[in-house]
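What follows is each chain in one-letter form.
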Amino acid sequence: MSTMWTYQLKDIAMKSNLLLFMKFSSKIFSQQNLRFQNFCVQKITTLEDVNSENFPSSLISAIKDVGLEKELRNDIYHWMKERNFQENGVSCWIEKEPMDYLRKSQMQWEKRIYKSLNSMCTELNVSLSVFRLASDRDEIMEKWNMLSTYNIDLSQYRPVYAPKDFLEVLLNVQNPNQESSAYSCEWDFSQISFKVKSFDELKEMYADLTENKPLLGACATSSQFFQTLENERIAMGNTVLEYNYSTAVQEYLKRLAPHSLRGKLWAKVLGSEILPWHKEYFKNLKQLVGQYEMMVDKLIFKDIQLTVCNDDQYFVFEDLLYQVMLCFSRDTFASNLFRCNGSNPIIGILKGKSNTISNAVIYPPNGVIPFHGFSMYAAPLCYIYNDAVQLYFTVRSFYMRFWFRLHEVNSHSQSMLSLCCLFQHLLEFHEPTLCAHFASINIQPIKVVFKWLMRCFSGHLPPEQLLYLWDIILGYDSLEVIPLLAVSILSFRKENLLQVDTLPNVEAILADLSSIHVIPLLQLVLLAE
């Protein structure tokens with residue numbers, strides 16, 4: 001693609017406002033994006049209606065006439081979301097973490113993870129990565145659809161870290177430019193003072209949830225009213241899918257999705273719709289699993305056994321999750337996250353090679369070290385997709401857009417640190433009595449709910465309710481509903497919480513969320529004065 005074409009296309013799109021196609025054309029072309037190349041070479045150059053005298057307007061008209069406008073808009077929408085671009089086209093996260101003290105905290109956290117990983121390797125006398133023996137390769141491929149029967153000794157393996165370890169790191173983050181008392185450092189996040197949304201801003205943001213319109217998650221599924229409403233939502237959902245705009249689907253999700261359409265709707269918003277090349281891509285990842293064994297494979301198996309296999313709602317998906325998570329660990333595409341976020345992957349030197357940049361590799365290939373509960377990011381999607389390929393690409397897209405923020409130290413508005421600050425702010429504003437009670441019995445509220453936040457309630461809420469919650473995350477493109485729901489649950493069980501004075505008793509009151517209905521609780525807290 002010539003430079004002249006690139007600049008002309010940028011100029012055209014700027015004038016036609018094709019969702020920032022304009023700003024990133026050269027970037028996309030430089031990445032050899034086949035869809036865009038095929039579009040430009042095979043379509044643009046052969047369109048008779050495109051003329052040099054009126055090039056911009058004639059090209060835009062031709063794009064619409066051949067039905068490629070929607071495809072372009074959707075591609076750019078997904079491309080922008082993956083790179084966290086705002087509506088005005090300015091990236092709010094192109095550079096690494098801008099705050100020195102947070103970069104330092106993240107680096108210390110990474111060193112702690114690496115030390116834990118390397119210590120385990122030393123104790124067990126295992127390598128980070130080795131080629132599989134032919135017999136082992138044959139066995140794992142033969143048992144690919146029944147990996148729960150794959151013979152592997154995990155008795156000596158343990159999670160590298162758990163949510164409580166990450167919370168400890170966050171509670172010790174200290175802004176050196178802000179004065180704070182010893183009390184605040186021990187108790188909450190006032191030593192950081194991030195700007196988070198106010199309660200009024202959240203009420204405005206989630207206004208669709210509190211309008212006087214029926215929502216699927218707000219009525220009993222056994223009622224006649226639910227059946228009527230579901231049929232209406234299915235009809236509207238099919239219309240939106242036929243319209244084929246990702247932004248329209250995202251808007252539709254704000255009022256929740258019927259389960260029968262959720263898979264198609266989520267794939268459209270996340271850009272994870274399956275094309276022929278996806279199947280070949282997944283097949284190659286599967287071959288890489290058979291080709292070499294990684295230490296993180298054991299961590300994945302261990303995590304699934306400790307979490308998914310012990311959960312009555314998800315244990316039936318054990319084999320499917322092994323496939324997806326093992327393939328994810330080999331996917332170098334996921335490591336693109338490290339170009340624009342605040343964390344850094346483990347960098348190793350290939351065995352037997354000199355210590356040079358050309359011999360440096362990211363470990364594992366996706367750059368993500370599994371932790372206790374990591375597999376629960378994928379488990380709920382098994383209720384939506386039974387095809388491993390579709391499940392895989394949706395899990396990957398969900399992780400790269402949202403979940404990676406939940407185990408890193410940074411200042412992004414959707415980061416775990418920001419969500420913790422938002423939780424603290426909302427609890428103090430909405431439930432001052434409960435806050436005072438927690439303070440009087442010396443219990444930090446964030447310690448009670450942190451596991452909910454870091455897993456985004458996966459494994460805590462019933463699957464049906466969890467999927468409604470994740471509808472909202474996708475619809476509003478925000479994780480801020482997580483701390484909002486955490487506060488609403490504490491508020492809902494306030495009377496019981498005020499009667500106890502020990503952490504075990506508090507945890508006992510909040511241990512079972514099977515009776516929780518997400519939408520009514522969110523409506524209650526958002527409608528509060």
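You'll find the structure just up there.
Residues numbered from 1 in each chain as written. Predicted model: local features only at pLDDT ≥ 70, side-chain atom pairs only at ≥ 80, totals over all residues. Heavy atoms only, no water.

Draft legend 1. Examining helix α22 (residues 481-492) more closely. With 12 residues, α22 extends 16 Å from end C-alpha to end C-alpha; this agrees with the ideal 16 Å at 1.5 Å per step. Of all the 12 residues making up α22, 10 are buried; the element is thus mostly covered by neighbouring parts of the structure. (Helix = DSSP H or I, 4+ residues; strand = E, 2+ residues; numbered from the N terminus. Expected span 1.5 Å × (residues − 1). Buried < 20%, exposed > 50% of the residue type's maximum accessible area, 1.4 Å probe, protein only.)

Draft legend 2. Fine view of the packing of helix α16 (residues 318-329) against helix α17 (residues 388-401). Taken N-terminus to C-terminus, the directions of α16 and α17 make an angle of 55°; their axes are 10 Å apart at the nearest point. When the axis of α16 is compared with that of α17, the two are oblique. Once α16 is placed against α17, the crossing between them reads as right-handed. From α16, L320, Q323, V324, C327 and F328 reach across to α17, where they touch A388, L391, Y392, V395, R396 and Y399. Residue composition of the contact of α16 with α17, by class: 9 nonpolar, 1 polar and 1 charged. (Axes fitted to C-alpha atoms, helices over the stretch in contact; angles between N-to-C directions. Parallel < 35°, antiparallel > 145°, perpendicular 65-115°, else oblique. Left-handed = near helix turned anticlockwise from the far one by under 90°. Contact = heavy atoms within 4.5 Å. Nonpolar A, V, L, I, M, F, W, Y, C, P; charged D, E, K, R; others polar.)

Draft legend 3. Region of interest: the packing of aromatic side chains. Scanning the model with the defined rule gives 30 aromatic pairs in all. Plain terms: the ring middles of F282 and Y392 are 5.5 Å apart, the flat faces sit at 55° to each other, and that makes the pair tilted. Pair noted here: F282 is in helix α14 (residues 276-291) and Y392 is in helix α17, with a separation of 110 residues, a long-range link. For the pair F282 and Y392, a shared accessibility class is recorded, and that class is buried. Seen from the ring of Y252, R233 lies directly overhead, with NZ or CZ sitting 3.9 Å from the centre. (Phe/Tyr/Trp six-rings, centres within 6.5 Å; stacked < 30°, edge-to-face > 60°. Lys NZ or Arg CZ within 6 Å of the ring centre and 35° of its normal.)

Draft legend 4. Highlighting unusual backbone geometry. Omega for the peptide link from Y363 to P364 comes to -15°, which places this bond in the cis form. Residues other than glycine seldom take positive phi values, yet N125 does so here, at roughly 55°. Locating N125 in the fold gives a position in the loop between α6 (100-124) and β1 (129-131). In the Ramachandran plot, F457 falls in the positive-phi region, its phi being about 70° despite a non-glycine side chain. Within the secondary structure, F457 is located in the loop between α20 (445-455) and α21 (463-476). For F457, a relative accessible area of 0% gives the class buried.

Draft legend 5. The arrangement of the nonpolar core in detail. Counting 153 residues, the largest nonpolar core has F189, W266, Y399, W403, I446, F457 and W470 as its most contacted members. If sequence neighbours within four positions are ignored, F457 has contacts with W452, L466, L469, I482, L485, A486, I489 and L513. (Core = buried A, V, L, I, M, F, W, Y, C linked by side-chain atoms within 4.5 Å.)

Draft legend 6. Up close: the environment of I472. Relative to the helices and strands, I472 is located in helix α21. The sequence separation of I472 and L253 amounts to 219 residues, and the corresponding C-alpha distance is 6.6 Å. If we skip the residues at most four places from it in the chain, I472 touches Y206, L209, L256, D477, V481, I519 and L522.

Draft legend 7. A look at the packing of helix α18 (residues 416-430) against α22. It is at 9 Å that the axes of α18 and α22 come closest, and there the two elements cross at 35°. Seen along the crossing, α18 lies across α22 with a hand that is right-handed. Between α18, through L419, L422, F423, L426, L427 and H430, and α22, the contact on the second element is made entirely by P483, L484, A486, V487, L490 and S491. Tallied by class, residues from the contact of α18 with α22 come to 10 nonpolar, 2 polar and no charged.

Draft legend 8. Representation of the pattern of salt bridges within the structure. This model, assessed by the stated rule, comprises 18 salt bridges. We note a salt bridge from R158 to E123, for which the minimum N-O separation is 3.3 Å. Here R158, found in the loop between α7 (134-142) and α8 (163-171), pairs with E123, found in helix α6; they are 35 residues apart in sequence, far enough to count as distant. Under the relative-accessibility criterion, E123 is labelled exposed at 54%. Between E431 and K494 there is a salt bridge, with its nearest N and O atoms 3.1 Å apart. One end of the pair, E431, is in the loop between α18 and α19 (432-440); the other, K494, is in helix α23 (residues 494-497), with 63 residues separating them in the sequence. (Salt bridge = Lys/Arg side-chain N within 4 Å of Asp/Glu carboxyl O.)

Draft legend 9. A look at the environment of L524. By the secondary structure assignment, L524 is in helix α25 (residues 518-527). Classification of L524 by relative accessible area gives exposed; the value is 58%.

Draft legend 10. Looking closely at the side chain of E110. Mapping E110 onto the fold places it in helix α6. Take E110: its relative accessible area is 7%, and that puts it in the buried class. Setting aside chain neighbours within four positions, we find E110 in contact with G342, S343 and N344.

Draft legend 11. Structural context of α16. In this model α16 runs 17 Å from its N-terminal to its C-terminal C-alpha over 12 residues, within 8% of the 16 Å that 1.5 Å per residue would give. A large share of α16 lies buried, amounting to 11 of its 12 residues. Buried residues in α16 make contact with α14, β2 (292-294), α15 (295-306) and α17.

Without other data, these values stay purely geometric and don't point to any function.
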